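If you want the building blocks of each chain, they are given just below.
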Amino acid sequence: MVINANFGVGESVVSGEAEPDTFRVTYTSDQGRSDIFSIEERVCGSKQVQYVVSESGTVGKQSVSGSSVFCADDETVLALCQIGLELERRFGHPCDIEWAMCQGQIYLLQSRPITTLTQETEYELLHEFDSALAMDQELLSTMNIGEAFPGALCPLTISVVVKQIEDSMVNWSVANGLNVVPNLFRLHKVYCNHAFLNVHAYELSNKYRSSLADRRMMELALAGHVIDSMTDEVIRAYHPARPLLTRLYCSWRFFSMILGKREKCLVHEQALDKLTVPLTTSCAELLEYVNHTVDISSQVVKDYMPATAISPVYSQVLMGILTKGKHVWEAKHYTDLASLLACHINEVFSAGVPNKLEELSRLIHGHPEFAAHFLEVSIESGDSFLNSKKTPAGVREAYQLFMEKFGHRGLCELDLLKKCWSQDPSQLIETLQMMVKSIATGHNVDARCYSVQEVVDGLQCDLTKGQKLFIKFILPKAKKAVNSREEVKSILVKAASKMKLGFWRLSELMYNQGYLPSPELLFFLTVTEIKDVLSNRNGSLVNRAKRRRKIYEKQNSMQFPRFNHGYPEAVDTQQDLKSLEVETELKGMPVSVGEVTGTARVVKNLSEAHTIQKNDILIVYFTDVGWAPYFPMISGVVTEQGGLVSHGAVVAREYGIPCVVSCHNATQVFQSGDTICLNGSTGVVRRLKRDNDL
């Protein structure tokens, strides 16, 4: 500690007109029982000038005699040291303290944090949560995970949700016979607060879960295409192969572990439905509730992974029949697989959101006077308007039922910082108003539903009668597995929404009680740090959260290539625009068959969704359930991200509209207003006319 002292008020020290006395003190803690201070150095300043306050309140300068005498004795210095240490412990950081002494009494005038001693640099904050790599050439990708976690994640989401998913995946892989060290083997990596899949680890985990698994099917499901650079030799270099009998045992373990997981998730859902945020003013009690919610969510994540694993198994069986077991997969095989998954057997769970919204919009439109008023209300007051007594009973009940069933859904559903529909209905109201307007203009997309027989008869692959019969047998099970996957995903999102409700309530309480300067800052702390702030009012952590919040905007603006060897490098999305402008045709993976020609609508984030017009062909980077309400309005979908079972692919098949995923650079090559042709059978998207062409 360093203490400066001078006669009179402190102006002489601040202005530099007088050289103050300086005391340098060290201290040690006697095992927490007491603090031992030692004055290591005393330097007597010249102190030739002092400022004094007159009785009238004016400040005047005076000369000082006896400047060779210390103006503070050792007892005062040690008392100041004890006070300074106590303030540091209470505020959680070193302090710059202005003090005064009058008639033997010490007064504290003000205290400021010393932020330059241990403050992290911007680079350190950017990379604070980065994951370590097992090797320089480890392949990291945004495939699939880019839909669940688009953009940068807040520290709370990283410390809770990402950790839950990672722990579940690693433990499941180890339980299936993968011989790795859990704390070192990671299937997900974080870089600049962006989440990435560790492709090497996923390939290895998939290979060990089942000796019968074809890695290409997993790549289609996650990336939308086969990753040519990922060969068996590359995977073996990452982790040695194991004997055949061991792999067969792992296959048996895999199938035995996925049985009954859906039912377990349904039990977890019942526990989630019973959770209600307590009406308490105690932050400690609310934190205890939040921790309980996190524990239940961890159980959901643990069973979610194996519960969804059966869907790609059925897809692999279907692909095996279409290819007749051949190693080479052709375009017709992808097209036929998409056709099979698009056949109408039962409604997929995720399609319930747009279907119910469409029903609700038609109910509203059925009351012309009420519909006119609804279209005039602001999106902020739309929720209270639909819940008011002036709303027709049928409309009000339908809206309340929708919110009860789907209120936990929304944009960026697994990010704890982003509110769900029940927390912020305005995003849903805006979509509903657009749908009502769409009906008023006579728009109605006719979704063609194909029976199993129609789909099988229309297959391009030359199959025997027996193979077609087997497809008819296995197809309902495959569709049921897809529906089960979407149903369990909804439970996972519900668990995340319960955590959101708890954490947001805790953030408001901590703000009201002075722990945080703004509620949002809670999401820029980890769970452990939240406990520390509540226990010790740790000011240094609050300051770090402020700096994280500031750097978050920079992190969120970063974009990375889909595949990265080693640590990812952010790309400038504008630098290659000129070279892309000459492109007129792109190719992706066909996941919903059909061909349509129409107007392109490039929407780079959901805030621009209001620009979508009837019969547009929607071109986006990715889709999640936040985009689902727009599917009844559009005639086709193109996404840069996604795979065979991504959200956009599943819902597009249910609506019978063409869809191509994994179409790289689509949002840059095409512009809103372009006339394009989308072929959902070949995966080709072609521009026929520029918006500015004559």
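Here the structure is a predicted model, which means the values were calculated and not measured.

(A) Seen up close, the pattern of salt bridges. Applying the stated criterion across every chain yields a total of 29 salt bridges. Salt-bridge contacts for Arg 690 lead to Asp 674; the nearest nitrogen and oxygen are separated by 3.1 Å. Here Arg 690 is found in the segment after β19 (684-689), whereas its partner Asp 674 is found in the loop between α25 (666-669) and β18 (675-679), with 16 residues between them in sequence. When salt bridges that share partners are traced, they join Glu 128, Glu 529, Arg 544 and Arg 548 into one network.

(B) Broad picture of the packing of aromatic side chains. One pass over the structure, following the stated rule, counts 13 aromatic pairs. Relative to Phe 70, the ring of Phe 23 has its centre 5.5 Å away and its plane inclined at 45°; by these criteria the two rings are tilted. Note that Phe 23 is positioned in strand β2 (residues 21-29) and Phe 70 in the loop between β5 (59-63) and α2 (74-91), a separation of 47 residues in sequence. Aromatic ring contacts, followed pair by pair, group Tyr 191, Phe 196, Phe 560 and Tyr 567 into a single cluster. The residue whose ring lies beneath Lys 419 is Trp 504, and the NZ or CZ to ring-centre distance is 4.5 Å. Of note, Arg 537 hangs over the ring of Tyr 515, and the distance from its end group to the ring centre comes to 3.9 Å.

(C) Focus on the nonpolar core. One finds Phe 149, Leu 156, Phe 503, Met 510, Leu 522, Phe 523 and Ile 530 to be the most contacted residues of the largest nonpolar core, which totals 80 residues. Ignoring any residue separated from it by four or fewer positions in sequence, one finds Ile 530 in contact with Leu 156, Leu 287, Phe 503, Leu 506, Met 510, Leu 522 and Leu 525.

(D) Spatial organisation of a nonpolar patch on the surface. The grouping of Val 9, Val 53 and Val 59 at the surface amounts to a nonpolar patch, some 230 Å² of accessible area in total. By secondary structure assignment, the location of Val 9 is in the loop between β1 (2-5) and α1 (11-15).

(E) Main features of the pairing of strand β16 (residues 636-639). Burial of β16 is two-sided: the residues Gly 636 and Val 638 facing one way and the residues Val 637 and Thr 639 facing the other way are all buried. Here β16 runs beside strand β17 (residues 659-661); their pairing, made up of two bridges, is parallel. Along β17, the bridge assignment pairs Val 638 with Val 660.

Conventions used here
- Residues numbered from 1 in each chain as written.
- Predicted model: local features only at pLDDT ≥ 70, side-chain atom pairs only at ≥ 80, totals over all residues.
- Heavy atoms only, no water.
- Salt bridge = Lys/Arg side-chain N within 4 Å of Asp/Glu carboxyl O.
- Helix = DSSP H or I, 4+ residues; strand = E, 2+ residues; numbered from the N terminus.
- Phe/Tyr/Trp six-rings, centres within 6.5 Å; stacked < 30°, edge-to-face > 60°.
- Lys NZ or Arg CZ within 6 Å of the ring centre and 35° of its normal.
- Core = buried A, V, L, I, M, F, W, Y, C linked by side-chain atoms within 4.5 Å.
- Buried < 20%, exposed > 50% of the residue type's maximum accessible area, 1.4 Å probe, protein only.
- Contact = heavy atoms within 4.5 Å.
- Patch = residues over 30% accessible without salt bridge, like charges linked within 9 Å, V, L, I, M, F, W, Y side chains within 5 Å.
- Areas by Shrake-Rupley, 256 points an atom, 1.4 Å probe, with all protein chains shown as cover.
- Pairing = 2+ DSSP bridges.

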